[in-house]
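# Summary of structural features
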Amino acid sequence: MLFTRPKLYILFFIVAFGCHTGKHLTEYQITKDIVSDKAMVVTAHPFATQVGVDILKSGGNAIDAAIGVQFALQVCFPVAGNIGGGGFLMYRESNGKVHALDFREKAPAAASKDMYLDAKGNIIEDLSTFGHLAAGVPGSVDGMWEAYQKFSRLKDWKKLVKPSYEGAKNGILLTPREASGFNNNAEEFLKANGRPTVYGSQKWKAGDILKQTELAETLRLIMENGRDGFYKGKVADLIVAEMKKGKGIITHEDLENYHSKWRDPVLFSYRGYEIASMPPPSSGGIALLQLLKMTEKIEIQDNDWHKTPLTHYIIEAEKRVYADRSKHLGDADFYPVPIKTLTSDAYIKERMSDFNPTKASYFEDVEAGNAYESDQTTHFTIVDEEGNAVSLTTTLNGGYGSMVVVEGAGFLLNNEMDDFSSKPGTPNLYGLIGAEANKIEPGKRMLSSMTPTIISRDGRLKATVGTPGGSTIITSVFQTIVNIIDFKMNAYESVAAPRFHHQWRPEQVYYEDNCFTPETLKSLSIMGHSMERRGPIGRVEAIVVDKNGRLTGGADPRGEDDAKGY
Ligand code: GLY
């Protein structure tokens, strides 16, 4: 196996900053690979992980901790953590019942099919990705409120939001990544807002304390008033006022009418394991099912990992799955997504029937946007003492979303409207192509790739997995599951292993460093695959139950992700 396991691991490291500063944390301890007996939290940021662990230790269940973490990520990880975006939550109760909550953003009522096109029908550059018009109606606060109503054990909303309120008010320690993220985007923040905002207001460095006074007030209103603290009253007024400043279209009615929705999870088996993942408006669950079912048709030996035959097979499967995604998937509330057909054994068999084991299939190439994103969107995963599990992926879409910070309310709005197909056949931010199924319609949810997933076996929890990464989310989750199930990797091994990605168009296999040997690269090229090395693909978080029933946590080494348990 090319990926030699334990040697690559950073088992534990501390990010320490400056000297003691009163109430503030002066260091973060980041753990990448951990084993615990009772409960575990894995998130993109040590502040958020700690908030989740504290809630669990105070008697909260996985849903309570997830709510705390969602708000905490807004405070410490604003590149993707959010109250101005949306996401998907998968929840598996310890009794085996699985629930899927869709709190994806919606197109405002005034949205229309051609809203990002000029008079000639061409896409107006940046309009769906940058600035006020790029924002969909946020779903995160409603999603957390809905999950709280249905599943909270603590029944104490204030307690769940309070750590984030205090973090925003008193300040949190900036990590190297967050500091450089703010600095690198300072001009964009200024351009989108026409005024200095909290993130772009100074030159930041690791160890600085970030205080977010306006955000603290917003979180206080949410803490005191629940859902209404965001969708009504002062915060809603501020969002609508912000919209007016920048030709945005979100109204008070859009905000009041926003409701998250419980959906039927996508449930299927893979080599005897039960997999539960997210249905439309995410493409994740259906695409994951197709990829795993295609892979189940072949035998995998221990030493096949990233060797030419298996890699070729997976690339070919990925092409077919992403081609299906582009044509057939969208919000099933608006478009009759052919879920039964796409997920049927007969269809999946037929789809791979023209697979050629020695030659790449070729699809006409198109000029596509790049697929180079990894920090946008974020995933976290939690298992509580009872064995209830949460797998939650949440996003603003691009890093810092639309770049618009709601004045007076201190949080970023998403640029999720770009996940619609603005013009059929034209790629979006991630190079993904869409069709009629994903056209813009008022009140519709834009298609997503987010794939929060929970795996069980014989009725017992086995693993929870998910990642950011735009279009690469599906293939990263897929490879992590194959690493766990077929290659018997533990949680950390499975997330740390190098990854590759093909999404049908562009006609390109992207791969990370140390993914393939030179010989494998050469043989894949000879077969006709166009191979392109790129930066990190995704930041996967996983919790895997080992054979002794202990929880093993893997926090992706590609970021400042942190796993803690007890
Ligand atoms: N915005 C990325 C996704 O939802 O897939």
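This one's a predicted model, so the numbers in the text were calculated from it and none came from an experiment.

### Quick look at the environment of E560
Within the secondary structure, E560 is located in the loop between β20 (551-555) and β21 (562-565). Other than its neighbours up to four places away in sequence, E560 contacts I30, K32, A44, H45, P46, T175, P176, R177, E178 and R539. A distance of 2.7 Å separates a polar atom in the side chain of E560 from a polar atom in the side chain of T175. From its side chain, E560 meets the backbone nitrogen of R177 in a polar contact 3.1 Å long.

### Comments concerning the sheet that holds strand β19 (residues 541-545)
Judged by pairing direction, the sheet is antiparallel, and its seven strands sit side by side in the order β3-β20-β19-β15-β14-β11-β10 without closing on themselves. Looking along the sheet, the strands with just one partner apiece sit at the ends: β3 (33-36) and β10 (266-270). This sheet shows a mean twist of 20° between the axes of neighbouring strands, independent of strand direction. Here four bridges tie β3 to β20, and the two strands are oriented antiparallel to one another.

### Examining the confidence of the model for the protein
Confidence in the prediction for the protein averages 92 pLDDT; 93% of positions are at 70 or higher. Contacts of residues 365-374 to residues separated by more than four positions or lying in other chains number 33 contacts, the stretch itself having pLDDT below 50.

### As for the site of the ligand
Every residue close to the ligand is listed here: R104, N397, E416, D419, S448, S449 and M450. Within the side chain of S448, an N or O atom sits 2.7 Å from an oxygen atom of the ligand. Burial of the ligand by the surrounding chains reaches 99%, relative to a free accessible area of 200 Å². Taken atom by atom, the bulk of the ligand overlaps the largest cavity.

### Notes on the nonpolar core
Ranked by internal contacts, the top residues of the largest apolar core, which has 83 residues, are F71, L89, L219, F230, I382, V390 and F411. If you look at the next biggest cluster of nonpolar residues, it comprises 81 residues, including F88, M450, A463 and M531.

### So, the sheet that holds strand β16 (residues 500-501)
Here three strands make up an open sheet; going across it, the order is β16-β17-β18 and the pairing mixed. Edge strands, defined here as strands with exactly one partner in the open sheet, are β16 and β18 (531-533). The sheet contact formed by β16 and strand β17 (residues 509-511) spans two bridges and is antiparallel. Within β17, the residue paired with F500 across the bridge is Y511.

### Regarding empty space enclosed by the protein
Taken as a whole, this structure holds four cavities of 30 Å³ or more when the rule is applied. Counted as a void, the largest cavity has a volume near 100 Å³. Surrounding the largest cavity, 17 residues form its lining, D419, Y430, S448, S449 and G470 being those nearest its centre. Residue composition of the lining of the largest cavity, by class: five nonpolar, eight polar and four charged.

Each value, and the rule that gives it
- Residues numbered from 1 in each chain as written.
- Predicted model: local features only at pLDDT ≥ 70, side-chain atom pairs only at ≥ 80, totals over all residues.
- Heavy atoms only, no water.
- Helix = DSSP H or I, 4+ residues; strand = E, 2+ residues; numbered from the N terminus.
- Contact = heavy atoms within 4.5 Å.
- Polar contact = N/O pair within 3.5 Å; in protein donor to acceptor, adjacent residues only side chain to side chain.
- Pairing = 2+ DSSP bridges.
- Axes fitted to C-alpha atoms, helices over the stretch in contact; angles between N-to-C directions.
- pLDDT = per-residue confidence, 0-100.
- Near = heavy atom within 4 Å.
- Areas by Shrake-Rupley, 256 points an atom, 1.4 Å probe, with all protein chains shown as cover.
- 1 Å grid on protein atoms, 1.4 Å probe; cavity = no way out; pocket = protein on both sides within 12 Å on 5 of 7 lines; lining within 4 Å.
- Sits in = over half its atoms within 2 Å of the grid points.
- Core = buried A, V, L, I, M, F, W, Y, C linked by side-chain atoms within 4.5 Å.
- Buried < 20%, exposed > 50% of the residue type's maximum accessible area, 1.4 Å probe, protein only.
- Points joined across faces, edges and corners; volume = space filled by probe spheres on them.
- Nonpolar A, V, L, I, M, F, W, Y, C, P; charged D, E, K, R; others polar.

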